[in-house]
Amino acid sequence: MLLQRAQELIAVEQSTAALTILHEHVTSKRSRNSPITSLEPVMILFVELCVDLKKGKLAKDGLYQYKNTAQNTNVGTIEVSRAPSFWSASPANAALFVPSLSSRNS
């Protein structure tokens with residue numbers, strides 16, 4: 001339901017609104033009790049939107065919350081949310097999350 005709503009917002013050029021609802025979901029206390037398998041697709045879309053909109057701090061916050069939620073359940077799932085193709089697509093994308101890379105590109 002949440003993913004569907006986010007994808008509808010993206011389809012009508014409302015990516016910022018989609019990112020906001022995904023971030024609220026990821027950081028809410030309610031999602032801490034959700035099964036990790038249901039949070040994986042949310043996190044993948046969340047991170048992709050963060051990169052597209054250049055919202056590195058928001059991505060960091062969401063990934064931190066997700067790590068804490070997933071830590072005791074399935075550590076491998078954290079790698080899934082960090083591994084989409086945008087890491088290798090552009091060093092500038094990686095620089096959003098790794099500050100040492102941004103100094104090399106300048």
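Structural data are supplied above this passage.
Quantities reported herein were computed from a predicted structural model and do not represent experimental measurements. Starting from 1, residues in each chain are numbered consecutively following that chain's sequence as written. Predicted model: local features are reported for residues with pLDDT of at least 70 only, side-chain atom pairs are reported and counted for 80 or more only, and whole-chain, interface and lining totals are derived from all residues. Hydrogen atoms and water are omitted, and side-chain values are computed over all heavy atoms in the structure.

Caption draft 1: Summary view of unusual backbone geometry. A positive phi is found at E13, a non-glycine position, where the angle reads about 60°. Of note, E13 is situated in the loop between α1 (2–11) and α2 (15–27). According to the relative accessible area criterion, E13 is exposed, its value standing at 71%. Despite not being glycine, K54 shows a phi value in the positive range, around 55°. Inspection of the secondary structure assignment puts K54 in the loop between α3 (36–52) and α4 (56–70). Helix numbers and strand numbers start at the N terminus; a helix is a DSSP run of H or I with at least 4 residues, a strand a run of E with at least 2. Whether a residue is buried, partly exposed or exposed follows from its accessible area with a 1.4 Å probe, protein chains only, as a fraction of its type maximum: under 20%, in between, or over 50%, in that order.

Caption draft 2: Region of interest: α4. Here a helix's expected span is defined as the number of its residues, less one, multiplied by 1.5 Å. Across its 15 residues, α4 extends 20 Å between first and last C-alpha, which sits within 8% of the 21 Å expected from 1.5 Å per residue. Every buried residue of α4 is accounted for by G56, A59, G62, L63, Q65, Y66, T69 and A70.

Caption draft 3: Up close: the environment of D61. On the secondary structure map, D61 appears in helix α4. For the pair formed by D61 and H23, sequence separation is 38 residues and the distance between their alpha carbons is 8.7 Å. Whether two residues touch is decided by their heavy atoms; if any such pair falls within 4.5 Å, the residues are in contact. With residues up to four places along the chain from it excluded, the contact list for D61 reads H23 and T27.

Caption draft 4: Representation of the pattern of salt bridges in the model. Counted as salt bridges are all cases of a side-chain nitrogen of Lys or Arg within 4 Å of a carboxyl oxygen of Asp or Glu. Overall, the coordinates contain one salt bridge when judged by the stated rule. Here E8 ties to R5 by a salt bridge, and the two come within 3.7 Å at their closest N and O atoms. One end of the pair is E8 and the other is R5, both in helix α1 and three residues apart, which spans about a single turn.

Caption draft 5: The packing of α3 against α4, seen in detail. Axis definition: a line fitted to C-alpha atoms, limited for helices to the stretch in contact. Angles are taken between N-to-C directions and run from 0 to 180 degrees. One can describe the packing of α3 onto α4 by two numbers: an axis separation of 10 Å at closest approach and a directional angle of 165°. Taken as axis vectors, α3 and α4 run roughly antiparallel relative to one another. In the crossing of α3 with α4, the sense of the turn from one axis to the other is left-handed. On α4, the residues touching I36, L39, E40, M43, F46, V47 and C50 of α3 are L58, A59, G62, L63, Y66, T69 and A70. Residue composition of the contact of α3 with α4, grouped by class: 11 nonpolar, two polar and one charged. Oblique is the label for any angle not under 35 degrees, not over 145, and not in the 65 to 115 range, which are roughly parallel, roughly antiparallel and roughly perpendicular in turn. Should the near helix be turned counterclockwise from the far one by less than a right angle, the crossing is left-handed, whereas a clockwise turn marks it as right-handed. Residues are sorted three ways: Asp, Glu, Lys and Arg are charged, Ala, Val, Leu, Ile, Met, Phe, Trp, Tyr, Cys and Pro are nonpolar, and all the rest, Gly among them, are polar.

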